[in-house]
Structure formats: C-alpha cells, structure tokens
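These are the residues of each chain, in order.
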Amino acid sequence: MKKADIVEFYARLAADNPHPETELAAGNPFQLVVAVALSAQATDVGVNKATRVLFEEVKTPAQMVALGEEGLKQHIRTIGLFNTKAKNVIALSERLIAEYGGEVPADRNALETLPGVGRKTANVVMNVAFGAETFAVDTHIFRVGNRTGLARGKTPLAVELKLDKATPAPFRLHAHHWLILHGRYVCKARRPECWRCIVADLCAYKPKTPPPAAASGKAAVAA
Ligand code: SF4
C-alpha cells in the first residue's frame, strides 16, 4: 500500500472511532496481564464474564497467589484451556512478587519472560497499560494486514514488524485497536463485509464481497 493510502486508511478508521479501547475489562496493569493471558483462544466477552467477579476480589499478584490455583480455576472454568491458564497466572503472579515487587514491569522483554505471556500479550500490555506504540498482532490483525496489503507477512512477527515500519504518527498508538476492531466487526474471517467497509477503495483484497442483496440477486438470476 502506498504511503498516502496508508495515511488515508488510518485517518478513516480514526475518524470512525477516535478513542478505541480494548474490549477486555481490567482495572489495572496486573488485571490486564491476567485478562490477556486468559484470552488466548477465547473471546473477550467470555473472558470478561469470567473475570467480572474475579477482579472484584483479586487486584494484585499477592491476592492472586492467596486465591491459589484451585480457587482461580473456579472462576475461569468457562474459558478454554483453563487448567493451563490457571497454572500460568499463579506462576506469573509469583514471579511478579519475587522479581518486580508485585508490579507489572513496563518492559516488553521482561513481560515476555512471564509464564503464559508471549509477544502478543506483552505488546497489548505495553500499549494499553503503558501507552507504548506497540502492535499486538492477533488473528484479526494478521488477516487485515495481509488482505489489505497494509502489512503482509507469513507470521505474526513479520506482520508486526511491517506495521511498525509502515504506520505513521499520529496513528501508531491506536493502530492495533483500529485494526483489531476492523477485523472483528467488518473484515471478518469467513466473509469480509467489503460492501460496508470504509477503506474498501484502499484495500487490495479481490474480489470484494458484494452486499447480501446483490449476492442473492445474482444467485436468483443464475438459478
Ligand atoms: S474491503 Fe473487504 S477485504 Fe478489504 S478491508 Fe474492507 S472488508 Fe476487509
């Protein structure tokens, strides 16, 4: 995608949603780390449902360790892979207490060493909790980057590095939220809704999905 088109692409997403926010509920950086760690292969809605009561009770790593693995499992058993996730969350809470004074470090490399925290999680935490211009490439961003031509790559890391290079100020801080939301609600995996996409003319994906009425009309003519 050309530089001018990239600016226009982000400008439209920004105008449509000037203050994008994560859809994961969390009251502080620690709760955010936990919520993102729980969200792997689960929906934000599902995670929020499970953490609503948990986060009233648990706001710090010490409180999480006091709750314990079994206690945590009771809260998160509706979330996929909850056994492994409970183990990781307790282990990362213990590490935060032992090595970071019970605080979440504002350092991507340090975050990545925590149990159950990969580069994507670390990027989300750096961006949302600490205002860093990081690009957390999840399945939605990976798809949108590749389809549109904004940032093509075979791996999430390749897409992340391209986004980092291609995304200009002043869009860098919120870029990953705009792209996630665009992928989640418009540029959907199975059937991108190109007919109502505000960046359709800038996007390289072909053929564009026609509106449902046009699609059924064509089907009727073909029949
Ligand atoms: S035009 Fe279609 S493929 Fe391109 S970004 Fe929009 S929804 Fe996605």
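Scroll up to find the structure this text is about.
The sections below set out a description of the structure shown in this document. Quantities reported herein were computed from a predicted structural model and do not represent experimental measurements. (Residues numbered from 1 in each chain as written. Predicted model: local features only at pLDDT ≥ 70, side-chain atom pairs only at ≥ 80, totals over all residues. Heavy atoms only, no water.)

F30, M64, L72 and L111 are the most contacted members of the largest nonpolar core, which totals 33 residues. When contributions to this core are tallied by element, the ones reaching two or more residues are α2 (29–38), α3 (44–57), α4 (61–76), α5 (82–100) and α7 (119–130). No other element matches α2, which puts 7 residues into this core. With residues near it in sequence (within four places) discarded, M64 still touches F30, V34, L54, V58, L72, V89, I90 and S93. In terms of nonpolar packing, the next biggest core, distinct from the first, is built from 23 residues, L13, F135, A151 and L202 among them. (Core = buried A, V, L, I, M, F, W, Y, C linked by side-chain atoms within 4.5 Å. Buried < 20%, exposed > 50% of the residue type's maximum accessible area, 1.4 Å probe, protein only. Helix = DSSP H or I, 4+ residues; strand = E, 2+ residues; numbered from the N terminus. Contact = heavy atoms within 4.5 Å.)

Another aspect to go through is the site of the ligand. For the ligand, the full set of nearby residues is R147, T148, H182, C187, P192, C194, C197, A200, C203, Y205 and K208. Counted by class, the shell around the ligand contains 7 nonpolar, 2 polar and 2 charged residues. (Near = heavy atom within 4 Å. Nonpolar A, V, L, I, M, F, W, Y, C, P; charged D, E, K, R; others polar.)

Each neighbour pair has its own omega, and for A169 with P170 the value is 10°, a cis peptide bond. Considering the arrangement of structural elements, one finds P170 in the loop between α9 (156–166) and α10 (175–185). P207 follows K206 through a cis peptide bond whose omega is -5°. Considering the arrangement of structural elements, one finds P207 in the loop between α10 and α11 (212–222). Phi is positive for Q41, close to 55°, though the residue is something other than glycine. Residue class for Q41 comes out exposed when judged on its relative accessible area of 73%.

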